[in-house]
Amino acid sequence: MHASNLQTIGIIGAGAWGTALAATTARAGRAVTLWAREPEVTESINRKHENAVFLPGIPLPDEVVATSDLARTCQADAILVVTPAQFVRASTTAMAAHLAKTTPAVICAKGIEQSTLMLMSEVVEETLPGHTIAALSGPTFAAEVARGLPTAVTLACADERLGNELVNALGTETFRAYRSDDVTGAEIGGAVKNVLAIACGIAEGRGLGDNARAALITRGLAEIVRLGRAKGARAETLMGLCGLGDLTLTCNAMQSRNFSLGHALGGGQTLEDIMAARKTIAEGVFSAEAVVALAAKLGVETPICAAVDSILNHGASIDGAIRDLLQRPVGDEAG
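Definitions and cut-offs
Residues numbered from 1 in each chain as written. Predicted model: local features only at pLDDT ≥ 70, side-chain atom pairs only at ≥ 80, totals over all residues. Heavy atoms only, no water. Pairing = 2+ DSSP bridges. Helix = DSSP H or I, 4+ residues; strand = E, 2+ residues; numbered from the N terminus. Axes fitted to C-alpha atoms, helices over the stretch in contact; angles between N-to-C directions. Contact = heavy atoms within 4.5 Å. Buried < 20%, exposed > 50% of the residue type's maximum accessible area, 1.4 Å probe, protein only. Right-handed = clockwise from strand over helix to strand, strands pointing away.

Caption draft 1: How the structure looks around the sheet that holds strand E1 (residues 8-12). Taking strand neighbours across the sheet as the criterion, the eight strands line up as E3-E2-E1-E4-E5-E6-E7-E8 in an open arrangement whose pairing is mixed. Unpaired on one side and paired on the other, strand E3 (64-67) and strand E8 (175-180) mark the two borders of the sheet. The sheet shows a mean angle of 25 degrees between the axes of neighbouring strands, taken without regard to direction. Pairing between strand E4 (residues 78-81) and strand E5 (residues 105-107): three bridges, direction parallel. By the bridge assignment for E5, Ile 79 is matched with Ala 105. Across the face of the sheet, helix H11 (residues 241-250) comes into contact with strand E6 (133-137), strand E7 (151-157) and E8 while running at roughly 145 degrees to E7.

Structure below.
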C-alpha cells in the first residue's frame, strides 16, 4: 500500500474489468465506489460481495461499495472510466455535471469510437473539457486481477505529477503500474490488439497451427506500431505492456473474449449466434471497422485488421480472407 493524495476512487462501469479494478483498488487501501447500471449487480456486490453477473465466483473486498447513483460515484479524488468503448461518450457526458474540474479521468476502456473514429481520450477531452486524462492499459484478464494474481500495466498520463499519484493510488504488490506519458500509444495498443486477437482465434479455430499465430501476432504488432506512429504515439510505448504485452496475452488464451470469439468463428459458428450467447462484449467486433477506417484515413496499411473487418462486417468468407492474406506480396519486414 502506497501513500497517496488520491484516497477515494470512483469507478464507472461494473462489468468484469470494472469490478476487478474495484477489487484491486480497494486492496490498495482506497475507498472505492463502483457505479453499476444493473440493479442486480449493485445488489449482488453490496449483499454478497460478489459480482454474480459479470465476475461470478470471485469474492470482493468488503470495502467495495456499488451504487446506481452516478453523482455519488463522481464525488471522488479520481474517476476510472470502465464502460465499453462505444458507451464512453454517453457515460462521460452524463458525468460532466457531477465532476469537480480538478478530478482526473482515467480511461480503462479499449476501443475506437465507431461514429467518429476518435480514441477514447479524444472523446473524453470533448465531453469532459479541462479534466486531466490518463489511460490504464496492459495485459489483464479481469478474473486474475480480481483474485490478486501478479499483473503489470501501463499508466499513461502527460502530467508527470498526477501520473505518479495515480501509480501510487492504484498500485499494490501484485498490481504493478508502470508510468508513461504516451496516452495515445497506450490507447492504440489496447484498441487494435482486440481485432488481432480475433484473427488469432480464427486461425486457431481453423487449425492453422502455432506458426500462423506467431506470424499474426508479429505482423499484427507491426500494424499497431504503424497506426500508433501515424497518430503520434511512440513505437517504444507499443513494445511495452500496453502494446506487445497486451497483444501477447489476448492472442494466446481462450480466457480472452476476442480470441474465443474468433475461435468460434473459425470453428464454423456465425457471429450472430456467438454474440447472442454472450453477456459480455468482445470489443474487437466493434473496433474492427473503426480501426480499418482510421488506418485508411491516415494512409496506413493494416491488412490483418482489414481481413477481420471483412469477415465480421462485409460478408467475406474466412477461407477467402486467409487466402487473400497469404497471397499478399512479401515485402521488407521493417516496412
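Alright, that's what it looks like, and here's the rest.
Caption draft 2: Region of interest: the pairing of E1. Across the five residues of E1, four count as buried, placing the element largely inside the fold. One ladder, built from five bridges, connects E1 with strand E2 (residues 31-35); its direction is parallel. Each residue of the ladder has a partner; that of Ile 9, found in E2, is Val 32. Handedness of the crossover joining E1 and E2 through helix H1 (residues 16-27) is recorded here as right-handed. Both E1 and E4 contribute to a ladder of four bridges, which runs parallel. From the neighbouring strand, Gly 10 faces E4, where its bridge partner is Ile 79.

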